[in-house]
Amino acid sequence: MTDRLPPLTALRAFEAAARHLSFAQAAAELHVTPAALSFQIKSLEEHLGEPLFIRLNRAVKLTKAGETLAPGLTDSFQTMSNAWSATKRLQNNNVLTVTAGPALTAKWLAPRLFEFARAHPEIELRFTASLSQLDLHRDSVDVAIRFGQKEFDDLYSVPVRKEWATPVMTPELAKIYTTPESLIDAPLIHDDSINFLSPRCDWETWFQVHKLPYPADKVGAHFSNADHAIDAAVAGVGITLGRRPIIIKDVMEGRLVTPFPIALEMNARFRFLCLPGAEKRPQIAAFRDWFLEEIEKTSHFSDNMKIIPIEEALAR
């Protein structure tokens with residue numbers, strides 16, 4: 001057995017076959033015939049000096065040598081693919097792909113994007129509204145805007161101010177439910193999209209902070225997306241705890257009101273994320289600067305609100 005690396009095509013054929021545990025599926029992925037793929041794997045086994053697969057009647061199984069080799073090759077090919085994708089993106093300075101959560105996209109970003117487009121007509125902006133876990137090294141995304149408590153030490157990260165939430169309702173409901181105590185009997189809408197936070201920022205916490213009993217048997221509408229909870233509040237279904245960027249447009253345009261000038265500050269915030277070094281690319285730098293400027297434009301929205309950190313409120 002020689003220490004010289006075998007041909008890349010043979011390693012690629014083995015990696016695909018090991019991942020699928022099927023020569024036919026691996027051949028289809030690599031756009032070669034099963035016979036050609038089998039030849040490549042056979043040459044790799046000869047180069048190694050022992051078999052990598054146990055050939056069964058209608059399937060294949062990895063040998064101990066195959067199990068040892070496969071994970072490292074999969075990681076290596078993924079690393080090469082990531083590097084190639086990142087290098088290709090460097091060549092295109094007029095396309096910017098951004099991902100953000102559905103609620104932020106619908107309620108905050110989308111209504112403002114015409115300003116960015118007007119200021120930067122040379123940039124083609126592509127948006128993906130998703131909360132899925134993304135790998136910026138692997139996925140074809142330039143910028144991610146994510147909300148939560150997690151730090152991203154391996155990425156270029158610009159955190160913005162901590163977020164807060166306060167009860168929001170239609171002006172008509174605000175005439176009925178005029179005090180925090182009155183909300184005990186109000187129809188409550190629950191935004192379950194932030195239930196992962198610790199401490200939680202939900203109705204039970206809000207009542208606890210106000211030293212009010214939370215009815216154990218109280219029911220209400222639950223939504224997995226924050227924008228759906230806000231839309232339900234706009235429709236008059238009930239009252240919800242709304243986060244600043246998600247409610248700001250509806251409040252400023254009069255569809256919702258914030259009758260109680262007390263907000264709970266979460267130990268969570270939005271972050272602007274991209275790969276280290278990518279922040280220097282013109283389109284990413286332009287979008288980052290615009291994003292931060294737009295946040296500052298609405299900073300006055302918090303001026304009349306008494307903002308209390310949840311941890312401090314619960315400790316009272």
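To be clear, the structure that these remarks concern was listed above.
These numbers were taken from a predicted model, which means no experiment stands behind them. (Residues numbered from 1 in each chain as written. Predicted model: local features only at pLDDT ≥ 70, side-chain atom pairs only at ≥ 80, totals over all residues. Heavy atoms only, no water.)

Caption draft 1: Region of the structure containing the layout of surface pockets. Within this model, the largest pocket holds a volume of roughly 660 Å³. In terms of lining, the largest pocket is formed by 32 residues, of which the most central are L131, Q133, R146, F147 and F152. Those elements that place two or more of their residues in the lining of the largest pocket are α5 (102-109), β5 (143-148) and β10 (262-274). Top element by residues in the lining of the largest pocket is β5. It accounts for five residues. For the lining of the largest pocket, the per-class residue count stands at 17 nonpolar, nine polar and six charged. (1 Å grid on protein atoms, 1.4 Å probe; cavity = no way out; pocket = protein on both sides within 12 Å on 5 of 7 lines; lining within 4 Å. Points joined across faces, edges and corners; volume = space filled by probe spheres on them. Helix = DSSP H or I, 4+ residues; strand = E, 2+ residues; numbered from the N terminus. Nonpolar A, V, L, I, M, F, W, Y, C, P; charged D, E, K, R; others polar.)

Caption draft 2: Seen up close, the pairing of strand β6 (residues 156-168). The pairing of β6 with β10 spans seven bridges and is classified as antiparallel. Looking at the pairing, K162 lines up with R269 of β10. Note: β6 against strand β9 (residues 239-243), four bridges, orientation antiparallel. Pairing of A165 across the sheet is with R243, part of β9. (Pairing = 2+ DSSP bridges.)

Caption draft 3: How the structure looks around the nonpolar core. Ranked by internal contacts, the top residues of the largest apolar core, which has 73 residues, are I145, L183 and F287. Tallying contributions element by element places β10 first for this core, with eight residues. Those residues in contact with I145, other than ones at most four positions away along the chain, are V98, T99, A100, G101, L104, L109, F270, R271, F287 and F291. With 21 residues, the next largest nonpolar core counts A17, L37, I41 and V60 among its residues. (Core = buried A, V, L, I, M, F, W, Y, C linked by side-chain atoms within 4.5 Å. Buried < 20%, exposed > 50% of the residue type's maximum accessible area, 1.4 Å probe, protein only. Contact = heavy atoms within 4.5 Å.)

Caption draft 4: Layout of empty space enclosed by the protein. Per the stated rule, a full pass over the model turns up one cavity of 30 Å³ or more. Empty space within the largest cavity amounts to approximately 50 Å³. Lining the largest cavity, in full, are L104, W108, V160, E163, R244, P245, F270, F291 and I295. Elements represented by at least two residues in the lining of the largest cavity include exactly α5, β6, α10 (244-252) and α11 (282-297). The class makeup of the residues in the lining of the largest cavity is seven nonpolar, no polar and two charged.

Caption draft 5: Geometry of the packing of aromatic side chains. Tallied over the full model, the rule gives 17 aromatic pairs. Taking the centre distance of 5.3 Å and the plane angle of 80° together, the rings of F116 and F287 count as edge-to-face. In this pair, F116 is assigned in helix α6 (residues 113-119) and F287 in helix α11, connecting sequence segments 171 residues apart. Of the residues examined, F116 reaches a relative accessible area of 1% and is grouped as buried. Here F287 falls in the buried class, since its relative accessible area comes to 0%. A network of ring pairs unites the aromatic residues W108, F116, F127, F272, F287, W290 and F291 as a single cluster. (Phe/Tyr/Trp six-rings, centres within 6.5 Å; stacked < 30°, edge-to-face > 60°.)

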